[in-house]
Amino acid sequence: MRYTLLFSILLLLFMSCNKDKFSSTPSLKFTSVNTTQLHNQQLIQFTLSFTDSEGDILNNDSALYIQQVVPDCLASNTDSYYPLPDFPTTKNQKGDIIVTFSYNSVVGYTSLLTPQCQKNDTAVFRFALRDQAKHVSDTVSSPPIILYYP
């Protein structure tokens, strides 16, 4: 009886350790940002990692939702969708998403809104990923980013 109980516990532990880490709802994780102080004519680059068991993160029907939250200046808050590039998809997919913004018109990049309250903004960027089946990941946040008033 004692060995049966011990065997059952070990089997349960083994099964839980080998659990598939991918789910049908995409998983999103904030990995890094290249700067936390953004000056005029500078780029900011966020790196996010994702997983998805169905491999249905496609540019046409998926989206990366981005929210810029500035608690001290509500006029600077923005919501947007970032277009995902075309890439090959597979089951149990994982990868990185790199989001790049310019601050005050660096040509070729999506531009961030300059501070609307005539002073420096401290913003937090929040991200969520939606797949083709309309499953939405948890929301992840950046550290506070200072946007210097030009």
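Residues numbered from 1 in each chain as written. Predicted model: local features only at pLDDT ≥ 70, side-chain atom pairs only at ≥ 80, totals over all residues. Heavy atoms only, no water.

Visitor: Whenever I open this one, the state of the cysteines confuses me. Can you help?
Guide: This structure, assessed with the given rule, holds one disulfide. Disulfide pairing is shown between Cys73 and Cys117; the S-S distance is 1.9 Å. With the S-S dihedral at roughly 85°, the linkage between Cys73 and Cys117 falls on the right-handed side. You can see Cys73 sitting in the loop between strand E4 (63-69) and strand E5 (78-82) and its partner Cys117 sitting in the loop between strand E7 (110-112) and strand E8 (121-130), a full 44 residues away along the chain. On the accessibility criterion, Cys73 (1% relative accessible area) is buried. (Disulfide = S-S within 2.5 Å. Helix = DSSP H or I, 4+ residues; strand = E, 2+ residues; numbered from the N terminus. Buried < 20%, exposed > 50% of the residue type's maximum accessible area, 1.4 Å probe, protein only.)

Visitor: Can you help me understand the nonpolar core in this one?
Guide: Among soluble globular proteins, nonpolar side chains are generally buried collectively. One finds Phe46, Leu48, Leu64, Val99 and Phe127 to be the most contacted residues of the largest nonpolar core, which totals 27 residues. Elements with a contribution of two residues or more to this core: strand E1 (27-33), strand E3 (42-52), E4, strand E6 (93-103), E8 and strand E10 (145-147). With sequence-adjacent residues up to four places away left out, Phe127 is seen in contact with Leu28, Phe30, Phe46, Leu48, Leu64, Tyr65, Ile66, Val99, Asp138, Thr139 and Val140. (Core = buried A, V, L, I, M, F, W, Y, C linked by side-chain atoms within 4.5 Å. Contact = heavy atoms within 4.5 Å.)

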